[in-house]
Amino acid sequence: MGKEEKDIKEKIREKLRGGATSEEKEPPEKAPEKGTETETTEEKIQEEEEEKPQYEERQQIMRSQLALLASYSFKNEGLPVEVKIVRKKDFVPRYEVTIPGIAEGTKLILQTKLKGELVSEVKLDISEILDPKKFEEVKSKFLAAAHKILERNFPSLPEDKREILAVYLLQNTLGLGEMESLLADEQLEEVVVNNSREPLWVYHKKFGWCKTNVRIKDEETIYDYSSMIARKIGRQINVLNPMLDAHLPSGDRVNSTLAPISSFGNTITIRKFSKNPWTITNFIRSRTVSSEVAALIWLCIQNELSLLVTGGTGSGKTSFLNAMAGLIPSNQRIVSIEDTRELTLPSFLHWVPLVVREANPEGKGEVTMLDLLVNALRMRPDRILVGEIRRQREAEVMFEAMHTGHSVYATLHADNSEQTISRLTNPPINIPPAMLDALAGIVVTFRHRRFNIRRVLEFSEIDKEKANVLYKWDVKTDKIKGTGRLGRLGELLSLYAGMDEREIEEDIEEKIEILNWMVKNGYDDVDQVGEIVSNYYLDPDTVLEAVSAKKPWEFKRF
Ligand SMILES: Nc1ncnc2c1ncn2[C@@H]1O[C@H](COP(=O)(O)OP(=O)(O)O)[C@@H](O)[C@H]1O
Ligand SMILES: [Mg+2]
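The rules behind the values
- Throughout, a residue's number is its position along its own chain's written sequence, starting from 1.
- Labels follow written order: the first chain is A, the first ligand is 1, and so on.
- Given that this is a predicted model, residues contribute local features only at a pLDDT of at least 70 and side-chain atom pairs are listed and counted only at 80 or more, while totals for whole chains, interfaces and linings are drawn from all residues.
- Strands are runs of DSSP state E lasting at least 2 residues, helices are runs of H or I lasting at least 4, and numbering of each runs from the N terminus.
- Residues are scored as being in contact if the C-beta atoms we place from backbone atoms lie within 7 Å.
- Only when DSSP finds a minimum of two bridges between them are two strands counted as paired.
- Axes here mean lines fitted to C-alpha atoms, for a helix over just the part in contact, with angles spanning 0 to 180 degrees between N-to-C directions.
- Buried residues are those with 20 or more other C-beta atoms within 10 Å of their own C-beta, exposed residues have 12 or fewer, and partly exposed residues lie in between; C-beta atoms are placed from the backbone.
- Nearness between a residue and a molecule or strand is assessed with a C-beta atom placed from the backbone; a distance within 6 Å qualifies.
- The residue classification treats Ala, Val, Leu, Ile, Met, Phe, Trp, Tyr, Cys and Pro as nonpolar and Asp, Glu, Lys and Arg as charged. All others, Gly included, are polar.
- The labels follow the angle: roughly parallel below 35 degrees, roughly antiparallel above 145, roughly perpendicular from 65 to 115, and oblique for the rest.

A.B. asks: Mind laying out the overall build of the chain, listing which residues take part and the relevant values?
C.D. replies: Looking only at helices and strands, the chain features 19 helices and 18 strands. Across the chain, every contact between residues at least 6 apart in sequence was considered, and the portion connecting residues at least 24 apart equals 58%.

Below is the structure:
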């Protein structure tokens with residue numbers, strides 16, 4: 001990144017910071033510089049901030065006259081990939097991807113002549129190609145053959161170059177060609193093909209929609225890619241089934257349509273699965289939630305109270321559920337149920353993720369959320385996570401599960417706490433209001449569209465069939481403010497944890513300290529947060545010692 005651009009960003013940041021009044025506790029600042037360890041933390045924070053820029057900052061970057069907005073590189077299966085994001089005379093930035101070391105001419109030879117040789121040389125019977133389980137085998141057969149073909153065609157090519165060309169050749173034969181580099185870029189959320197005349201578009205975490213320098217050469221190839229994706233998961237896309245909506249084993253979600261259903265041509269929309277899940281530390285740092293509210297939620301989770309996360313579409317419900325799940329003790333069994341695989345928990349938790357399945361073209365084999373929920377209850381779970389509750393039966397089974405002593409965390413579409421109660425208790429969901437008492441609290445997430453920020457709008461307890469708002473976000477100061485005393489939640493906590501009011505307060509204070517210390521030290525990773533939380537449950541003193549001595553944590557698992 002250029003110095004000039006950095007300066008601009010710094011200025012904007014300062015401005016944003018200055019805009020907020022500070023009557024409440026600020027999220028902790030970065031740790032002071034000290035040795036290499038803090039340097040890595042600082043880098044992390046820097047990355048973090050760059051990943052999730054504020055709306056105005058992004059607008060400024062867009063408006064600035066800089067031609068080069070960003071450049072970075074990464075490796076994809078050993079293939080070096082370089083990315084430049086540039087501002088040209090267009091409404092959106094241009095995302096330029098190149099693979100250094102492969103000239104355009106070489107690419108052409110690889111994509112035509114050598115690809116042809118490869119396909120005719122590797123003799124596969126149709127069952128091998130169609131069997132998704134054999135994919136790795138097929139891949140290594142192709143790779144070996146690719147090496148031979150390259151040796152024959154470019155005998156003087158050094159080994160490392162040949163390796164690169166072999167991977168490229170493989171990606172163009174068995175994979176999605178040039179799209180593979182885009183799919184490997186962690187900065188992209190979405191990769192889309194609209195037709196073969198226009199370049200591919202991508203949704204960049206920082207710059208939003210960008211046009212790329214990649215184009216798929218004809219409609220036939222887009223169709224081939226779609227059917228390749230479909231085949232891998234045992235599905236089909238063709239004239240009679242011109243739409244495909246699929247979840248890949250990688251967690252990516254793919255949607256394809258064929259012309260003339262999509263008038264401009266064949267389309268592919270790939271939403272990439274985020275490998276970098278949200279944690280409570282991320283949310284405290286980005287001011288999505290205050291450490292006080294986070295600490296209270298943590299106390300609820302520790303004491304097995306059930307919570308709902310509600311909010312509008314795209315407000316961050318699932319992400320918040322993910323962050324909450326990282327606070328579950330590691331000696332408890334978790335079963336999660338989702339439409340799409342979105343949740344990622346610390347790797348050492350006792351966790352069984354379940355995902356629904358759509359019916360096959362003959363209408364058979366469907367497994368619904370309700371099927372999974374009923375099944376989950378037979379798996380002896382301590383905690384149940386439900387991606388999203390939409391229907392009456394799902395809600396009924398969920399509340400039954402709560403009433404039979406399970407702690408459940410689920411998301412539901414509703415704009416605030418009051419609406420959550422009214423959605424739950426009115427048609428079509430229609431839960432008897434008396435059943436609501438199994439629920440301890442509601443976290444409402446909210447997306448401010450103009451500023452493109454996400455915040456916890458409310459945190460409420462359920463008291464006598466009503467939502468009692470305990471914390472509320474104030475738009476003017478961008479702070480979450482306490483609006484009431486713990487009523488029923490306090491009673492529940494005393495009942496389950498045997499704490500009186502003062503002890504609850506002290507426990508929350510303690511958790512605030514731990515959370516702030518984690519934020520300060522940059523412990524954002526899902527496994528880092530998980531390790532500290534698990535240690536805190538087993539041996540709180542060790543964690544508290546590190547916190548009060550402001551010492552970094554010595555991670556055992558990395
Ligand atoms: N607090 C946050 N700050 C910034 N981005 C967020 C935040 N929470 C979620 N996101 C992003 O917002 C998008 C929608 O989040 P998601 O949790 O799927 O929303 P929902 O489940 O409410 O539809 C995702 O791309 C996610 O990464
Ligand atoms: Mg969601």
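A.B. asks: An account of the sheet that holds strand E13 (residues 383-389) is needed here, citing residue identities and associated values.
C.D. replies: An order of E12-E11-E13-E14-E10-E15-E16-E17-E18 is seen for the 9 strands of this open sheet, with the pairing classed as mixed. Looking at which strands have only one partner, the edges of the open sheet turn out to be strand E12 (350-355) and strand E18 (479-482). Strand-to-strand, the axes of this sheet are offset by a mean angle of 20 degrees, without reference to chain direction. The sheet contact formed by strand E11 (residues 333-338) and E13 spans 4 bridges and is parallel. The partner of Ile337 across the bridge, within E13, is Val386.

A.B. asks: Any chance you could break down the pairing of strand E5 (residues 201-204) for me, citing the residues and the numbers?
C.D. replies: Across the two faces of E5 the burial differs, with Val202 and His204 buried and Trp201 and Tyr203 not buried at all. Of the strand pairs in this sheet, strand E4 (residues 188-193) and E5 are connected by 4 bridges, and their pairing is antiparallel. Residue Val192 lies in a different strand from E5, and its bridge partner there is Trp201. Pairing of E5 with strand E6 (residues 208-212) involves 4 bridges; the strand directions are antiparallel. Opposite Val202, over in E6, you have Cys210 as the bridge partner. Taking the residues that link successive antiparallel strands as the turn, the E5-E6 hairpin has 3 residues.

A.B. asks: Please provide a residue-by-residue account of the site of ligand 1, values included.
C.D. replies: Around ligand 1 sit 14 residues, and of these Thr288, Gly316, Lys317, Thr318 and Ser319 come closest. No other element matches the 3 residues that helix H12 (residues 317-325) contributes to the shell around ligand 1. In terms of residue class, the shell around ligand 1 is made up of 1 nonpolar, 10 polar and 3 charged.

A.B. asks: Go over the packing of helix H18 (residues 526-538) against helix H19 (residues 540-548) with me, naming the residues and quoting the values.
C.D. replies: Interhelical geometry of H18 versus H19 gives an angle of 120 degrees and a closest axis separation of 5 Å. In terms of orientation, H18 lies oblique with respect to H19. Packed against H18, whose contacting residues are Ile532, Asn535 and Tyr536, the element H19 presents Pro540, Thr542 and Val543 at the interface. Grouping the amino acids of the contact of H18 with H19 by side-chain chemistry returns 4 nonpolar, 2 polar and no charged.

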